[in-house]
Amino acid sequence: MISARIRAIVERIPEGTKVIADAACDHAYISIDALRCLRAEFSYACDINAAPLARARENIEFFGYAKRIATRLSDGLLGLLPKEIERIDTVVLAGIGGWLTIGIILDAFDMFDMKDKQFVISAQSDLPELRRFLHKIGLKIDDEIMIFDEKYYNIMNVSKGIQEFTDLEYEFGKNLIDKKDRVFIECIEKKIKKFENFGDSPKVIERIEKLKCLL
Ligand SMILES: C[S@@+](CC[C@H](N)C(=O)[O-])C[C@H]1O[C@@H](n2cnc3c(N)ncnc32)[C@H](O)[C@@H]1O
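Residues numbered from 1 in each chain as written. Predicted model: local features only at pLDDT ≥ 70, side-chain atom pairs only at ≥ 80, totals over all residues.

Q: For the pairing of strand E3 (residues 69-73), give the residues involved together with the corresponding values.
A: As defined by bridge partners, strand E2 (residues 42-47) adjoins E3 across five bridges and the pair is classed as parallel. Its bridge partner lying in E3, Asp47 is registered against Leu73. On the question of chirality, the crossover connecting E2 to the parallel E3 by way of helix H3 (residues 50-62) is right-handed. (Pairing = 2+ DSSP bridges. Helix = DSSP H or I, 4+ residues; strand = E, 2+ residues; numbered from the N terminus. Right-handed = clockwise from strand over helix to strand, strands pointing away.)

Q: If you had to explain helix H1 (residues 4-11) to someone new, which residues and values would you point to?
A: For an α-helix, 3.6 residues make a turn, and residues three or four places apart therefore share a direction. Every buried residue of H1 is accounted for by Arg5, Ile6, Ile9 and Val10. End-on view of H1: buried residues confined to an arc of 135°, all on one side of the axis. (Buried ≥ 20, exposed ≤ 12 C-beta atoms within 10 Å, placed from the backbone. Arc of directions from axis to C-beta.)

Q: Please give an account of the site of the ligand that cites residues and values.
A: By nearness alone, 17 residues border the ligand, and Ala24, Asp26, Pro52, Ala94 and Gly95 come closest of all. Put simply, the parts of the chain that give the shell around the ligand at least two residues each are E2 and helix H5 (98-111). Along the lines of polarity and charge, the residues of the shell around the ligand split into eleven nonpolar, three polar and three charged. (Near = placed C-beta within 6 Å. Nonpolar A, V, L, I, M, F, W, Y, C, P; charged D, E, K, R; others polar.)

Q: Can you lay out the nonpolar core for me, pointing to particular residues and giving the numbers?
A: Among soluble globular proteins, nonpolar side chains are generally buried collectively. Of all hydrophobic cores here, the largest spans 56 residues; its most connected members are Ala21, Ala23, Ala28, Ile30, Val92 and Leu93. Here this core spans two domains, since at least three of its residues come from each of domain 1 (4-175) and domain 2 (180-215). If sequence neighbours within four positions are ignored, Ala21 has contacts with Tyr44, Cys46, Leu77, Leu80, Ile88, Val91 and Val92. (Core = buried A, V, L, I, M, F, W, Y, C linked by C-beta atoms within 7 Å. Domains from an automatic or database assignment. Contact = placed C-beta atoms within 7 Å.)

Q: Give a description of the packing of helix H9 (residues 182-196) against helix H10 (residues 202-212) that names residues and reports values.
A: One can describe the packing of H9 onto H10 by two numbers: an axis separation of 10 Å at closest approach and a directional angle of 165°. Considering their axes alone, H9 and H10 lie roughly antiparallel with respect to each other. Every pair of crossing elements has a handedness; the one defined by H9 and H10 is left-handed. Taken together, the residues of H10 that come into contact with H9 (itself represented by Ile188, Lys191, Ile192, Phe195 and Glu196) are Val204, Arg207, Ile208, Leu211 and Lys212. For the contact of H9 with H10, the residue count by class is six nonpolar, no polar and four charged. (Axes fitted to C-alpha atoms, helices over the stretch in contact; angles between N-to-C directions. Parallel < 35°, antiparallel > 145°, perpendicular 65-115°, else oblique. Left-handed = near helix turned anticlockwise from the far one by under 90°.)

The structure is reproduced here in structure tokens:
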């Protein structure tokens, strides 16, 4: 039930977090595991669709967290009250695409005071666009890791601040490049091998050279 991916996301919830918002919660496993691992004391589990939210409620009941996980049928965080938003220390956005993540953050910033929130973000696509967007709205990427759980997943810790990356850092993630993250290196090596089977057109060679710079 609790996959390595979910556990890794939960472990990235910053110390001192009391209340999380589990936006796009689906089964609510992130909320449940966060409470179980003492990474949070309370969660608002939000989902835009009724069927996943019903599944979330069943799981929350089953694991005995009905008093500490509140479910909301909600587009991102928009279904929460301002006083509920105020209580939230950390917003978790996981298992959705980069553009949907951007939309949910943008809407929340339009509606509420979000500046002092922490974010744990594990988007499944469009990471360069997401990194650029975070910087544009005055958020910085404090750390980023890559994990492997049948697929590669990135997990970012994000908070208020000014930061700028180079094009390469926007594309691949500055923290991953700087730290020579083990899983990241493995992922890049696999990509290089894949491209080496694509022949030797100038574009393929250029791509391989770029990837090799990251090792
Ligand atoms: C693949 S699940 C991710 C579940 C969980 N966050 C995880 O990482 O395992 C994606 C969920 O996002 C929900 N969703 C899609 N758009 C949404 C939105 N705008 N606001 C809230 N939830 C949304 C879907 O209904 C679905 O349950």
